[in-house]
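Next come the chains, spelled out residue by residue.
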Amino acid sequence: MVINAVAFDHADPSIFTVLTCPSTQPGVAVADFVIFPPRWCVQEHTFRPPWYHRNCMSEFMGLIYGAYDAKSDFQPGGASLHSMMTPHGPDTGAFEKASKAELKPVKMGGTQAFMFESCFSMAVTEWGEKTCGKLEAEYFQCWQSLPKPFDPNWKPADDARPSYISHTASTQPKTDA
């Protein structure tokens, strides 16, 4: 079975959910267990790694083996915790690599990552924060050197837009004024 985004943009991780514990509120999970299996990345005219975002759920993500496309130095056995509404996304190294990569089909193989998501807050214990000595206190620094190339006036050329995005400028009927 093939599952992934194939036209435009990064697929929402929920497509990789293998177990869920629903809450009483529709569309909200007490917990989701997600795996990121080997997959093909073939999207065009886009940034392929997970984008910068905030979630209404807490995310605990870990890497079992291989590499993770959004963190250039994320090591197997490592994990990250992003509490709900905490902004996060690719680090500077992953951003630079993805921004310069040729957008040809690439197989993301030899890797296995997982994620737990929950509508509840997750917290690091005192042991995890201080005693074990493994907490990366400067984790936020991985985003500090990111360039800020946003141009609010940029628009893709009409021929670069996926067919499901409206070309309103070219389809509006002409009116005589």
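Within each chain, residue numbers correspond to sequence positions counted from 1 in written order. Totals for whole chains, interfaces and linings use every residue, but because this is a predicted model, local features are given only for residues with pLDDT of at least 70 and side-chain atom pairs only at 80 or more, for both listing and counting. With hydrogens and water set aside, each side-chain value is computed from the structure's full complement of heavy atoms.

S.K.: Run through the overall build of the chain, naming residues and quoting values.
M.R.: Helices and strands together make up the secondary structure of the chain, namely three helices and seven strands. N-terminal to C-terminal, the α/β element order of the chain is β-β-β-β-β-α-β-β-α-α. Residue burial in the chain is summarised as follows: out of 177 residues, 31% are buried. Only heavy atoms matter for contacts: two residues are in contact if any of them lie within 4.5 Å across the pair. The contacts in the chain between residues at least 6 apart in sequence include a share of 69% that link residues at least 24 apart. On the chain, roughly 12,200 Å² of surface is accessible, and the fraction owed to carbon and sulfur atoms is 60%. What counts as a helix is a DSSP run of H or I of at least four residues, what counts as a strand is a run of E of at least two, and both are numbered from the N terminus. Categorising residues by exposure relies on relative accessible area from a 1.4 Å probe, with only protein chains included: less than 20% of the type maximum marks a residue as buried, more than 50% marks it as exposed, and the intermediate range marks it as partly exposed. We get accessible surface area from the Shrake-Rupley algorithm with a probe of 1.4 Å; when it comes to residues, only the shown protein chains can shield them.

S.K.: How would you sum up the side chain of Asp91? Please name residues and give values.
M.R.: Here Asp91 is to be found in the loop between strand E5 (79–82) and helix H1 (92–100). Contacts described as polar in this section are N or O atom pairs within 3.5 Å, which, within protein, must combine one atom able to donate a hydrogen with one able to accept it, while residues neighboring in sequence count only if both atoms come from side chains. Among the polar contacts made by the side chain of Asp91, one reaches the main-chain amide nitrogen of Gly93 at a distance of 3.3 Å. With residues near it in sequence (within four places) discarded, Asp91 still touches Tyr52, Ala70, Lys71, Ser72, Asp73, Cys142, Trp143 and Leu146.

S.K.: Give me the lowdown on unusual backbone geometry, citing residues and values where you can.
M.R.: Non-glycine residue Met85 carries a positive phi angle of around 65 degrees. Relative to the helices and strands, Met85 resides in the loop between E5 and H1.

S.K.: Break down the nonpolar core for me, with residues and values.
M.R.: What we call a nonpolar core is a set of buried Ala, Val, Leu, Ile, Met, Phe, Trp, Tyr and Cys residues that are connected through their side-chain atoms within 4.5 Å. Counting residues in each nonpolar core, the largest one holds 10 residues, listed as Phe16, Val34, Phe36, Met61, Leu63, Tyr68, Ala70, Phe74, Ala113 and Met115. At the level of secondary structure, the elements contributing two or more residues to this core comprise strand E2 (29–36), strand E4 (58–65) and strand E7 (112–118). Listed in part, the six residues of the second largest apolar core include Phe47, Phe95, Ala98 and Cys142.

S.K.: Please set out the environment of Gly89 residue by residue, giving values where relevant.
M.R.: With respect to the element layout, Gly89 can be found in the loop between E5 and H1. A sequence separation of 19 residues divides Gly89 from Ala70, and the C-alpha atoms of the two residues are 6.7 Å apart.

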